[in-house]
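The chain contents come next:
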Amino acid sequence: MHEVNSTAFTKFLILGFPDLNDSKFPFFSIVLLIYSMTICENLLIIVLVSTSQRLRSPMYFFLGHLALSDMVLVTTIVPKMLEVIIREGSAIPYAECLAQFYLYGGAACAECFLLTAMSYDRYLAICKPLHYTSVMSPKLRYLLIFSSWALSLMLVLISLVLLCDLDFCGSYVINHFFCDYAPLLVLSCSDTTVIDIEMMLISFPIIIFPFVFIIITYVYIFITIFEISSSSGRQKTFSTCSSHLVVVFTYFGSMFMIYMVPYRGHSMTINKFISLVYIILTPLLNPMIYSLRSREIQASVLRHLLNFNKKRHI
């Protein structure tokens, strides 16, 4: 186990999962496998959306950015997490800890806004098909993407600035597997009232408002689906949209539990488990549910494989 110099504060110690014992290597292997699959899946989506002419619709444009946010999210957290698991704790420099918090926060917030933009895109496509092309113009989709990333980075920057003003004393051991705001606040000897209020306030535009908007759009989507005369078409569309909602509920539910329920007195074991769900599981499932089940994506993958085989035999 590593120790952090308590006389000159320059780093934290990320505790990780101290009770794994004999389960350390199996858990490490599972996380590494999930991380590798997540990177491959999301990188595949980005490459296909960027290179295929048939994947130029707004839906795939949003999916490409969702895949990018997932890659940033897991790459910011998981490599260091793997080190923490295998070494049973690992030191992290103060600046690197804050950088991890900022990049993770920006990607996590961007995912909330991107899921919201995608629900609006599906609402227009299913409920307003005649107006879809005119409303979801290239200008609007670029505006939605730019707003999602810019707003996320600005909102998390506020939290970062407030974190930088905190003084840390006593223990420097972060009882988590990454530098999240709640474990950092526990270590601070400063008054955290302002940052507590700030975190609660920005949770509304990041979590509550997008979640409510998504639910409203899917209510209209389901109403429209039930009006479809073809039972096979109704069943297919309903299956797709219900899968999307499972991801939304899993992601936003986890975020709500972590960031909108007061953190003091929380079981950090429960917090770690909930964090694993939206940091590890959701980025793995997003490509499977949103993209890889799509016939257009499957056709694009097949075309790329056929082209690759032709070039090999030339």
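Everything quoted here is computed from the prediction, not taken from an experiment.

### Considering the UniProt feature "transmembrane region" (unreviewed entry) in the chain
Okay, step 1: Here the UniProt-annotated "transmembrane region" (unreviewed entry) positions come out as residues 25-48, 60-81, 101-120, 140-163, 202-226, 238-261 and 273-292.
Okay, step 2: As annotated, residues 238-261 has a helix share of 92% and a strand share of 0%, and its two end C-alpha atoms lie 32 Å apart.

### As for the pattern of salt bridges
Okay, step 1: Applying the stated criterion across every chain, the model contains four salt bridges.
Okay, step 2: Between Arg87 and Glu83 there is a salt bridge whose closest N-O contact spans 3.0 Å. Of the two residues, Arg87 and Glu83 are both situated in helix α2 (residues 58-87); the distance of four residues between them amounts to about one turn of the helix.
Okay, step 3: Take Arg87: its relative accessible area is 40%, and that puts it in the partly exposed class.
Okay, step 4: Its salt-bridge partner being Arg122, residue Asp121 comes within 2.9 Å of it at the nearest N-O pair.
Okay, step 5: Residue class for Arg122 comes out buried when judged on its relative accessible area of 17%.

### Observations concerning the sheet that holds strand β3 (residues 173-174)
Okay, step 1: If you walk across this open sheet you meet the three strands as β2-β1-β3, and the pairing is mixed. Two strands in the sheet have a free side with no partner beyond their single neighbour: β2 (90-93) and β3.
Okay, step 2: In the sheet, strand β1 (residues 11-14) pairs with β3 via two bridges, with the strands oriented parallel. Residue pairing in the sheet places Ile14 in a bridge with Ile174 of β3.

### What about the state of the cysteines?
Okay, step 1: Under the definition given, this model contains one disulfide.
Okay, step 2: One disulfide in the model links Cys97 with Cys179; its S-S distance is 2.0 Å. Residues Cys97 and Cys179 are joined by a disulfide whose S-S torsion is about -120°; by sign, that bridge is left-handed. Pair noted here: Cys97 is in helix α3 (residues 94-127) and Cys179 is in the loop between β3 and α6 (181-187), with a separation of 82 residues, a long-range link.

### Considering empty space enclosed by the protein
Okay, step 1: This model, assessed by the stated rule, comprises four cavities of 30 Å³ or more.
Okay, step 2: In this structure, the largest cavity spans a volume of roughly 170 Å³.
Okay, step 3: Residue lining of the largest cavity: 15 residues in total, with Gly105, Cys109, Met199, Ile206 and Tyr259 positioned closest to the centre.
Okay, step 4: Elements represented by at least two residues in the lining of the largest cavity include exactly α3, α5 (138-164), α7 (193-226) and α8 (231-259).
Okay, step 5: When its residues are assigned to classes, the lining of the largest cavity shows eleven nonpolar, three polar and one charged.
Okay, step 6: If you add up the space inside the second largest cavity, you get close to 40 Å³.
Okay, step 7: Asn42, Ile45, Leu63, Leu66, Ala67, Asp70, Asn286, Pro287, Tyr290 and Ser291 are the residues that line the second largest cavity.
Okay, step 8: Listing elements by their share of the lining of the second largest cavity, those giving two or more residues are α1 (24-51), α2 and α9 (268-292).
Okay, step 9: Here the lining of the second largest cavity is built from residues that sort into six nonpolar, three polar and one charged.

### A short note on the layout of surface pockets
Okay, step 1: Put simply, the second largest pocket is a space of about 180 Å³.
Okay, step 2: Looking at the second largest pocket, the residues that line it are Phe17, Pro18, Asp19, Leu20, Asn175, Met268, Thr269, Lys272, Phe273 and Leu276.
Okay, step 3: Partitioning the lining of the second largest pocket into residue classes produces six nonpolar, two polar and two charged.

### Examining the nonpolar core
Okay, step 1: Ranked by size, the top nonpolar core spans 96 residues in total, and within it Phe12, Met81, Tyr104, Tyr259 and Tyr278 carry the most contacts.
Okay, step 2: Looking at this core element by element, the count peaks at 18 residues for α3.
Okay, step 3: Discounting chain neighbours no more than four positions away, the residues touching Tyr104 are Leu73, Thr76, Ile77, Phe178, Asp180, Tyr259, Tyr278 and Ile279.

### Examining the packing of α3 against α7
Okay, step 1: In the contact formed by α3 and α7, the axes pass within 9 Å of each other and the chain directions differ by 20°. Classified by the interaxial angle, the pair formed by α3 and α7 is roughly parallel. Between α3 and α7 lies a crossing of left-handed hand. Where α3 abuts α7, its residues Cys109, Cys112, Phe113, Leu115, Thr116, Ser119, Tyr120, Arg122, Tyr123, Ile126 and Cys127 lie against Pro205, Ile206, Pro210, Phe213, Ile214, Thr217, Tyr218, Tyr220, Ile221 and Thr224.

### Structural notes on α2
Okay, step 1: With 30 residues, α2 should cover 44 Å at 1.5 Å per step; its first-to-last C-alpha distance of 44 Å lies within 8% of that length.
Okay, step 2: Approximately 30° is the largest bend angle found in α2, and it occurs at Thr75, with the proline Pro79 only one to four residues beyond.
Okay, step 3: Of all the 30 residues making up α2, 22 are buried; the element is thus mostly covered by neighbouring parts of the structure.
Okay, step 4: One or two steps after α2, the chain reaches Glu88, where phi turns positive at roughly 55°.

Calculation rules
Residues numbered from 1 in each chain as written. Predicted model: local features only at pLDDT ≥ 70, side-chain atom pairs only at ≥ 80, totals over all residues. Heavy atoms only, no water. UniProt positions renumbered as here; feature names shortened; annotations may be inferred. Helix = DSSP H or I, 4+ residues; strand = E, 2+ residues; numbered from the N terminus. Salt bridge = Lys/Arg side-chain N within 4 Å of Asp/Glu carboxyl O. Buried < 20%, exposed > 50% of the residue type's maximum accessible area, 1.4 Å probe, protein only. Pairing = 2+ DSSP bridges. Disulfide = S-S within 2.5 Å. 1 Å grid on protein atoms, 1.4 Å probe; cavity = no way out; pocket = protein on both sides within 12 Å on 5 of 7 lines; lining within 4 Å. Points joined across faces, edges and corners; volume = space filled by probe spheres on them. Nonpolar A, V, L, I, M, F, W, Y, C, P; charged D, E, K, R; others polar. Core = buried A, V, L, I, M, F, W, Y, C linked by side-chain atoms within 4.5 Å. Contact = heavy atoms within 4.5 Å. Axes fitted to C-alpha atoms, helices over the stretch in contact; angles between N-to-C directions. Parallel < 35°, antiparallel > 145°, perpendicular 65-115°, else oblique. Left-handed = near helix turned anticlockwise from the far one by under 90°. Expected span 1.5 Å × (residues − 1). Bend = angle between axes of the 7 residues up to and from the residue.

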